[in-house]
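Listed here are the chains, written in short residue letters.
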Amino acid sequence: MGHKKKFGASKIECLQFEDRMMFEEELEILRTVIEDQKTHIEALEEDKQEVTALRIEIYEKEEKFKALQLNTDENKFKFDEDLKAMKTITYNLNKEIEAFKSKAGDDHTKHEISVQNMEKVIEKERQKVANLESKIEEEKKKFTKKDGDLKALIIVSDLQTKRIRTLESEAGKDLKKHEASVQNLRKVIENDKKEAKHWESKIKEEKMRVKESRDKHKHLVDQLRDKIECPVCLEVPRFGPVPVCPNGHLVCQKCKSELCPTCRVRMGPGKSLLAGTVIENIDHRCMFNDCEEYFPLDKIDAHAKVCDHRTVKCPHCSCAEKVALSKLLDHLKLGCTYDEAPIKIARSSQLQSDGYTIRGNKETEKKNLYWKLLRTYVFDDVIFSIFPLKQNGHFYFPFVMFSSGAECSKYEIEVTIEDNHLASRNSGVRFKYAGVPSSIDEDKETRKHLGLTVDSSGMDQIFKKSGMNGFSLSFSIKKR
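In what follows, the accompanying structure is described. (Residues numbered from 1 in each chain as written. Predicted model: local features only at pLDDT ≥ 70, side-chain atom pairs only at ≥ 80, totals over all residues. Heavy atoms only, no water.)

### Some words on the overall build of the protein
Alright, step 1. What the protein contains, in helices and strands, is ten helices and 19 strands.
Alright, step 2. Considering the protein as a whole, with its 480 residues, one finds that 29% of them fall into the buried category.
Alright, step 3. Excluding contacts between residues fewer than 6 apart, the proportion of contacts in the protein whose partners are at least 24 apart in sequence is 57%.
Alright, step 4. For the protein, the accessible surface area stands at approximately 33400 Å², while carbon and sulfur atoms represent 54% of it. (Helix = DSSP H or I, 4+ residues; strand = E, 2+ residues; numbered from the N terminus. Buried < 20%, exposed > 50% of the residue type's maximum accessible area, 1.4 Å probe, protein only. Contact = heavy atoms within 4.5 Å. Areas by Shrake-Rupley, 256 points an atom, 1.4 Å probe, with all protein chains shown as cover.)

This is the structure in C-alpha cells:
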C-alpha cells in the first residue's frame, strides 16, 4: 500500500512536471506570439482570434489544473500558487497585449494621418507637375511659333541684306553722280557769288545814284517850294493860277494886293503857269500846325478830314473856343468839364448813368440852360461825351464822339432820360434815343438835332416824379 502511494504520488508529480513543462512551452509560444505582434502592429487585429483561442486554452488548462487539484491534496497549495502566478502572468500579458493594441492603434492613426498628409503633398506635387507640364507645352508652342517667326525673320533679313547691298551699290553710283553734281553746283555757286558781288556793287552804285537823285530832287523841290511860297502868309499855294508881278515875284491869291510885297511894283494881271505845275507835282504839308506830315495834292484834303490835329470847336454849348482835336481834352479840363481824365468803358453795352439837377423853379422856366460837362468816356480807343442843353423850350442831349463821321458810323448808342428819384424808377416816365453818335466835326446847331430831343412838357413830368428838378441820363454803346 505504501509503495502504491509513493508510486501514485510520483506519478502525479510527473504529470505536474509535464504539465508545467507544457505550460512553460505554451508561455514561450505566447511570448513569441507577443513579440511577433510587436513587430507586426498592423496584423494585430487579424490575430485577435488567436489570442481568444489562447485564452480558451488557458481556461481549459485552468480547468485541468482544477481537476488535478481535486485529485491531489498535497500539491493543491502549490498548484494554487502556480495558478495565481499563471493568472498574474496572463493578466500582465493581457495588459501588454492591450498596450500593444493601443500603441498600434495610435501608430496606425498617426500612420493614416501621415499617409493623408503625404497624399495631399503628393496631390499638390502632382498638380505642380501638371502645371509645369502645361507650361512646358505652352513654351513648346511659343518656341515653335518663335522658331517659325525666327525663320521668317531670317528670310526677311536675308532679303533685306540683299536689298541693302543693292541700295549700297546704287547709293555708291548716286554718290558719285551727286559728288559730280556738287562740284558743278559749287562752280555755279562760285560764279553766282561773283555775279552777286558784281550786282551788289551795281546796286550800291544805283542806290547811291538814287539817293543822290532823291537828294537833288528834294533840294529842287525845296527850292521850288521856297520860290512859290507866299512872302506874306509864308504858305505854299495849293491851287492855281498863282499871281506874279512883272519882276517874277509870286504871291497867293488871298494875299494879293495892288503892289508886289517883294519889289513894290504893280502886280498887274500876270499869272505863273510854272508855279501851277509845281504846285500840282510836289507834296504839301498838312495845314494844321501840330501835324508835320506831307501828302500829294490829291490826298491832302482827305487827310485833313481825319487829321488828329485838325481844328474843331469846343463841343460845349457855352464855349466858342477852337482848338486842335489832339488838345481838346486839355481844353475841356480848363473849365468845360469836371473830369480830369476820361472814364474807360470796359465792355460793349455797359450801362453808364449820370444825374443832373436844375436849381429852383425859376431855372426850369428859362428858355436856355447849359450844364457843365460832367464826364468824358473812352470805349474802344475813341473818346465821347454827352452835352445836355435847353434852348427855346426844348431839351437836347447830343451824344458827341471825338472822331470823324466815318468812325462814328461804326458804333451804335442808346440814350435814356428818366427821373432820378429811386422810388419812382418803375414809373414808366422815360424817353429814349437809339442811333449813331454825332461827330465832333458836325456844326453845333446841326449836332443838337441828331440826338435825343425832349420838349418841356415831357421834362416837366420827369421833374415832378423826381421831386427835385432833376433827371437821370444813362447810355450804352457798342460797336456794329
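### A look at the environment of Val221
Alright, step 1. Locating Val221 in the fold gives a position in helix H3 (residues 76-228).
Alright, step 2. In this structure, the C-alpha to C-alpha distance between Val221 and Val278, residues 57 residues apart in sequence, is 8.4 Å.

### What about the sheet that holds strand E14 (residues 399-401)?
Alright, step 1. Here we have five strands laid out as an open sheet, ordered E7-E10-E11-E14-E17, and mixed in their pairing. If you trace the sheet from one side to the other, it starts and ends with strand E7 (343-344) and strand E17 (438-439), each paired once.
Alright, step 2. Here three bridges tie strand E11 (residues 382-386) to E14, and the two strands are oriented antiparallel to one another. Within the sheet, the bridge partner assigned to Ser385 lies in E14 and is Val400. (Pairing = 2+ DSSP bridges.)

### Overview of the side chain of His284
Alright, step 1. Here His284 is to be found in strand E3 (residues 284-285).
Alright, step 2. Owing to a relative accessible area of 3%, His284 belongs among the buried residues under this scheme.
Alright, step 3. Of the polar contacts made by the side chain of His284, one reaches the backbone oxygen of Ile279; its length is 2.8 Å.
Alright, step 4. If sequence neighbours within four positions are ignored, His284 has contacts with Val236, Pro237, Arg238, Ile279, Glu293, Tyr294, Phe295, Leu297 and Ile300. (Polar contact = N/O pair within 3.5 Å; in protein donor to acceptor, adjacent residues only side chain to side chain.)

### A few points about the pattern of salt bridges
Alright, step 1. Taken as a whole and assessed by the stated rule, the structure comprises 13 salt bridges.
Alright, step 2. One salt bridge in this structure joins Glu258 and Arg266, with 3.3 Å as the shortest N-O distance. Here the two residues Glu258 and Arg266 agree in accessibility, since each one is exposed.
Alright, step 3. The partner of Glu418 in a salt bridge is Arg430, with the nearest N and O atoms 3.0 Å apart. (Salt bridge = Lys/Arg side-chain N within 4 Å of Asp/Glu carboxyl O.)

### Brief notes about the side chain of Arg310
Alright, step 1. Within the element layout of this structure, Arg310 appears in the loop between helix H5 (297-306) and strand E5 (311-313).
Alright, step 2. A polar side-chain atom of Arg310 sits 3.3 Å from the main-chain carbonyl oxygen of Lys305.
Alright, step 3. Side-chain polar atoms of Arg310 contact the backbone oxygen of Val306, separated by 3.4 Å.
Alright, step 4. Leaving out residues up to four positions away in the same chain, Arg310 has contacts with Phe288, Ala304, Lys305, Val323, Ala324, Leu325, Ser403, Ser404, Ile440 and Asp441.

### Let's talk about the layout of surface pockets
Alright, step 1. Each pocket or cavity is described by its volume, and for the largest pocket that value is around 550 Å³.
Alright, step 2. Taken together, 23 residues make up the lining of the largest pocket; nearest its centre are Glu235, Val236, Pro237, Arg238 and Arg285.
Alright, step 3. Broken down by secondary-structure element, the contributors of at least two residues to the lining of the largest pocket are strand E1 (242-243) and E3.
Alright, step 4. Of the residues belonging to the lining of the largest pocket, the class tally is 14 nonpolar, three polar and six charged.
Alright, step 5. The space that makes up the second largest pocket amounts to roughly 300 Å³. (1 Å grid on protein atoms, 1.4 Å probe; cavity = no way out; pocket = protein on both sides within 12 Å on 5 of 7 lines; lining within 4 Å. Points joined across faces, edges and corners; volume = space filled by probe spheres on them. Nonpolar A, V, L, I, M, F, W, Y, C, P; charged D, E, K, R; others polar.)

### Some details on the pairing of strand E15 (residues 411-418)
Alright, step 1. Burial of E15 is extensive: six of the eight residues sit out of reach of the surface.
Alright, step 2. As defined by bridge partners, E15 adjoins strand E19 (residues 470-479) across eight bridges and the pair is classed as antiparallel. For Glu418, the partnering residue across the bridge sits in E19 and is Ser472.

### Description of helix H10 (residues 456-466)
Think of an α-helix as turning once every 3.6 residues; residues three or four places apart then point the same way.
Alright, step 1. Along H10, the positions that sit buried rather than exposed are Gly458, Met459, Ile462, Phe463 and Ser466. The arc that holds every buried residue of H10, seen down its axis, measures 140 degrees, which confines them to one face. (Arc of directions from axis to C-beta.)

### Some words on the packing of aromatic side chains
Alright, step 1. All chains considered together, the criterion is met by seven aromatic pairs.
Alright, step 2. Arranged with centres 4.9 Å apart and planes meeting at 70 degrees, the rings of Tyr377 and Phe475 form a pair that is edge-to-face. Residue Tyr377 is found in strand E10 (residues 377-379), and its partner Phe475 is found in strand E19; the two are separated by 98 residues along the sequence.
Alright, step 3. Tyr377 sits in the buried class, given a relative accessible area of 2%.
Alright, step 4. Under the relative-accessibility criterion, Phe475 is labelled buried at 2%.
Alright, step 5. Geometrically, the ring pair formed by Phe399 and Phe475 is edge-to-face, given 5.5 Å between the ring centres and 75 degrees between the ring planes. One end of the pair, Phe399, is in strand E14; the other, Phe475, is in strand E19, and 76 residues separate them in sequence.
Alright, step 6. Within the aromatic cluster, the residues linked to one another by ring pairs are Tyr377, Phe384, Phe399 and Phe475.
Alright, step 7. Here Lys202 stacks its cationic end above the ring of Trp199, 4.9 Å away from the centre of that ring.
Alright, step 8. For the cation-ring pair, Lys448 lies above Tyr396, with the distance from its terminal atom to the ring centre recorded as 4.8 Å. (Phe/Tyr/Trp six-rings, centres within 6.5 Å; stacked < 30°, edge-to-face > 60°. Lys NZ or Arg CZ within 6 Å of the ring centre and 35° of its normal.)

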